Amino acid sequence: PRSSMRSHGPDDLGSRRGDPDPTPPAEIDGVLTSLREIVGETNVLTDPGAMAGFLTDWTGRSATATDLLRPFPADALAATLDRDETYPEGAALPDLWHWLYFLPLHRLSESGRDGHAAKGGFLPPVPLPRRMWAGSRFRFLRPLTIGAEATKTSTIARLEPKQGRSGPLCFVTV
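Residues numbered from 1 in each chain as written. Predicted model: local features only at pLDDT ≥ 70, side-chain atom pairs only at ≥ 80, totals over all residues. Heavy atoms only, no water.

Undergrad: Looking at this structure, I do not really get the overall build of the chain. What am I missing?
TA: Check the secondary structure of the chain and you find 3 helices and 7 strands. Taken from N to C terminus, the helices and strands of the chain fall in the order β-β-α-α-β-α-β-β-β-β. Every one of the 174 residues in the chain was classed for burial, and the buried ones make up 31%. Here the analysis covers contacts within the chain between residues at least 6 apart in sequence; of these, 75% occur between residues at least 24 apart. (Helix = DSSP H or I, 4+ residues; strand = E, 2+ residues; numbered from the N terminus. Buried < 20%, exposed > 50% of the residue type's maximum accessible area, 1.4 Å probe, protein only. Contact = heavy atoms within 4.5 Å.)

Undergrad: Explain the packing of aromatic side chains here, please?
TA: The geometry of an aromatic ring pair is captured by two quantities: the separation of the ring centres and the angle between the planes. On inspection of all chains with the given rule, the structure shows 2 aromatic pairs. Relative to tryptophan 133, the ring of tryptophan 99 lies with its centre 6.1 Å away and its plane at 75 degrees, an arrangement referred to as edge-to-face. Pair noted here: tryptophan 99 is in the loop between α3 (71-80) and β4 (136-139) and tryptophan 133 is in the loop between α3 and β4, with a separation of 34 residues, a long-range link. Its relative accessible area of 47% is what places tryptophan 99 among the partly exposed residues. We note lysine 162 situated over the ring of phenylalanine 171; from NZ or CZ to the ring centre the distance is 4.8 Å. (Phe/Tyr/Trp six-rings, centres within 6.5 Å; stacked < 30°, edge-to-face > 60°. Lys NZ or Arg CZ within 6 Å of the ring centre and 35° of its normal.)

Undergrad: What is the right way to look at the pattern of salt bridges in this model?
TA: Oppositely charged side chains can pair when the atoms bearing their charge come close. Overall, the coordinates contain 3 salt bridges when judged by the stated rule. When the shortest N-O distance is used, the salt bridge between glutamate 160 and arginine 158 registers 2.9 Å. When its relative accessible area of 25% is taken as the criterion, glutamate 160 is described as partly exposed. Under the relative-accessibility criterion, arginine 158 is labelled partly exposed at 38%. A single salt-bridge network, built from bridges that share partners, covers Arg158, Glu160 and Lys162. (Salt bridge = Lys/Arg side-chain N within 4 Å of Asp/Glu carboxyl O.)

Undergrad: Could you clarify how one ought to interpret the nonpolar core in this entry?
TA: Note that soluble globular proteins tend to have their nonpolar side chains buried in a common cluster. Leu69, Ala74, Ala78, Tyr87, Ala91, Leu93, Trp97, Tyr101, Phe102, Leu144, Ile146 and Ala150 together form the largest nonpolar core, which totals 12 residues. With residues near it in sequence (within four places) discarded, alanine 74 still touches Tyr87, Leu93, Trp97, Leu100, Tyr101 and Ile146. In terms of nonpolar packing, the next biggest core, distinct from the first, is built from 9 residues, Leu123, Val126, Leu159 and Cys170 among them. (Core = buried A, V, L, I, M, F, W, Y, C linked by side-chain atoms within 4.5 Å.)

Undergrad: Please clarify how the side chain of threonine 151 should be interpreted in this entry.
TA: Mapped onto the fold, threonine 151 is located in strand β5 (residues 149-155). Of the residues examined, threonine 151 reaches a relative accessible area of 10% and is grouped as buried. A distance of 3.4 Å separates a polar atom in the side chain of threonine 151 from a polar atom in the side chain of threonine 66. (Polar contact = N/O pair within 3.5 Å; in protein donor to acceptor, adjacent residues only side chain to side chain.)

Undergrad: Is there a simple way to explain unusual backbone geometry in this structure?
TA: Excluding glycine, residues mostly have negative phi values, and the peptide bonds linking residues are mostly trans. In this structure, aspartate 82 takes a positive phi of about 60 degrees despite not being glycine. Note that aspartate 82 resides in the loop between α3 and β4. For aspartate 82, a relative accessible area of 71% puts it in the exposed group. At leucine 96, a residue that is not glycine, the phi angle is positive and equals roughly 75 degrees. Relative to the elements of secondary structure, leucine 96 occurs in the loop between α3 and β4. In this structure leucine 96 comes out as partly exposed when scored by relative accessible area, which is 44%.

Undergrad: Just to check I follow, could you spell out the pairing of strand β7 (residues 167-173) for this structure?
TA: For a regular strand, side-chain orientation follows a simple rule: the groups alternate between the two sheet faces. The element β7 is largely enclosed, with a buried count of 6 among its 7 residues. In this sheet, β7 lies alongside strand β6 (residues 158-164) in antiparallel orientation, the contact comprising 7 bridges. When the sheet's bridge partners are listed, glutamine 163 is paired in β7 with proline 168. The hairpin turn running from β6 into β7, its antiparallel successor, is 2 residues long. (Pairing = 2+ DSSP bridges.)

This is how it looks when you write it as structure tokens:
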């Protein structure tokens, strides 16, 4: 079975509403200073207007992952949720349990400071210190079945640089 999944929401945020410990401007300035030392002053964009042209080049970029849907992750989640069922070959995977599969794998040397894959591969290299997943919309073409190979495709649909109360933000719709 194949699935097509879309994620929607901000990717990088300078701070988020209700964050008890927003990144202080001095820390953001420190990150930007470090970036300037590494890539040069002209390669660090912080003005949303200046970033717009660069970021649009990422629109349409896709990443595809294929995974064999093995029973163990589903059985482990069922046990964690104190459920009695198991998921043998041929069983339908409950909706949204796809999160147990298609897990990214990257070397530590390819990680950002936050432990995620470094920006600039699939996601644009937005020079902001944090990432946040904000929500998703999914479309399953048919049930995902244990024992089957499945494919997930993620495509960058839109990038929106914005200015928030605490500084620049970039919303990435995938």
